[in-house]
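Residue-level structural notes
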Amino acid sequence: MLDSKHIAQACYQNQWQKDKASQHLGLNIVEIDAGYCVLTMAIQDYMLNGHQTCHGGFIFAMADSCFAYACNSDNRPTVASGCNIDYLRPGLAGDTLTAVGKRIHRGRTSGLYDVAISNQKGQLVAQFSGRAQQVGEQLLDLSSLKD
């Protein structure tokens, strides 16, 4: 029998192969488990806005990807039905951001997730909250996976 961590890893690997947006952002997975994801992103020059801080869209995209991997980690295909973000401090060129996504609640077909994004100093940069809606029965045929 596969445990939650193995299922989450298989779901992540399946999605990552097709996730050109997250790949382009340079996101790196640190940890994945059921309802949980940690990833990092180094702020590059092309991500800077006119104030020379990280454009909020890149921070939002990072949070949204972390949210997506957390909500799809238990083999239930899920999409966002709504989300919001609060920006608390700027991300600067050269910063490495870490997003930690956690499931707050999961019902039969919907869920609520929080993603906290911090810089390398441990300072909170943004707080994201997402609502998820299940759109299918399963992402993967788990019978093809080995323990």
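Only a predicted model underlies this, so the values are computations on that prediction, with no experimental measurement involved. (Residues numbered from 1 in each chain as written. Predicted model: local features only at pLDDT ≥ 70, side-chain atom pairs only at ≥ 80, totals over all residues. Heavy atoms only, no water.)

**So, the pairing of strand β5 (residues 110-118)**
Of the strand pairs in this sheet, strand β4 (residues 96-106) and β5 are connected by 8 bridges, and their pairing is antiparallel. The residue bridging Val 100 from the neighbouring strand is Ala 116, located in β5. Between the antiparallel neighbours β4 and β5 lie 3 residues. Here 9 bridges tie β5 to strand β6 (residues 124-134), and the two strands are oriented antiparallel to one another. Within β6, the residue paired with Ala 116 across the bridge is Gln 127. In this antiparallel pair of consecutive strands, β5 and β6, the connection spans 5 residues, and Gly 122 shows a positive phi of 80°. (Pairing = 2+ DSSP bridges. Helix = DSSP H or I, 4+ residues; strand = E, 2+ residues; numbered from the N terminus.)

**A word on helix α3 (residues 56-71)**
With 16 residues, α3 extends 22 Å between its outermost C-alpha atoms, agreeing within 8% with the 22 Å of an ideal straight helix rising 1.5 Å per residue. All of the buried residues along α3 are Ile 59, Met 62, Ala 63, Ser 65, Cys 66, Phe 67, Tyr 69, Ala 70 and Cys 71. (Expected span 1.5 Å × (residues − 1). Buried < 20%, exposed > 50% of the residue type's maximum accessible area, 1.4 Å probe, protein only.)

**Some thoughts on the packing of aromatic side chains**
Counted according to the given criterion, the structure contains 7 aromatic pairs. Relative to Tyr 69, the ring of Tyr 12 has its centre 5.1 Å away and its plane inclined at 65°; by these criteria the two rings are edge-to-face. Taken together, the residues span a long stretch of sequence, with Tyr 12 in helix α1 (residues 4-16) and Tyr 69 in helix α3 at a distance of 57 residues. Judged by its relative accessible area of 9%, Tyr 12 is buried. Between Phe 67 and Tyr 113, the aromatic rings sit 5.7 Å apart at their centres with planes inclined by 65°, giving edge-to-face as the arrangement. Of the two residues, Phe 67 is situated in helix α3 and Tyr 113 in strand β5; the sequence distance between them amounts to 46 residues. (Phe/Tyr/Trp six-rings, centres within 6.5 Å; stacked < 30°, edge-to-face > 60°.)

**Considerations on the state of the cysteines**
Tallied over the entire structure, the rule returns 0 disulfides. This cysteine, Cys 66, is not joined by any disulfide, and Cys 37 carries the nearest cysteine sulfur, 4.0 Å off. On the basis of relative accessibility, which here comes to 0%, the residue Cys 66 falls in the buried class. (Disulfide = S-S within 2.5 Å.)

**Describing the confidence of the model for the chain**
Detailed reading of the predicted coordinates is not advisable wherever pLDDT falls low. In the predicted model, the chain carries a mean pLDDT of 94, and 97% of its residues have values of at least 70. Confidence, read as mean pLDDT per element, is least for α1 in the chain (91) and greatest for strand β2 (residues 36-42) (98). (pLDDT = per-residue confidence, 0-100.)

**Topic: the sheet that holds β4**
Taken in spatial order, the 6 strands line up as β1-β2-β4-β5-β6-β3 in an open sheet, and their pairing is antiparallel. Each end of this open sheet is capped by a strand with a single partner; those strands are β1 (28-33) and β3 (78-87). Between one strand axis and the next, the sheet turns through 15° on average, direction left out of account. Summarising the sheet, β2 and β4 pair through 7 bridges and their orientation is antiparallel. Note that in β4 the partner of Ala 42 across the bridge is Thr 96. Helix-sheet contacts for α3 involve β1, β2, β3, β4, β5 and β6, and the interaxial angle to β2 is about 150°. (Axes fitted to C-alpha atoms, helices over the stretch in contact; angles between N-to-C directions. Contact = heavy atoms within 4.5 Å.)

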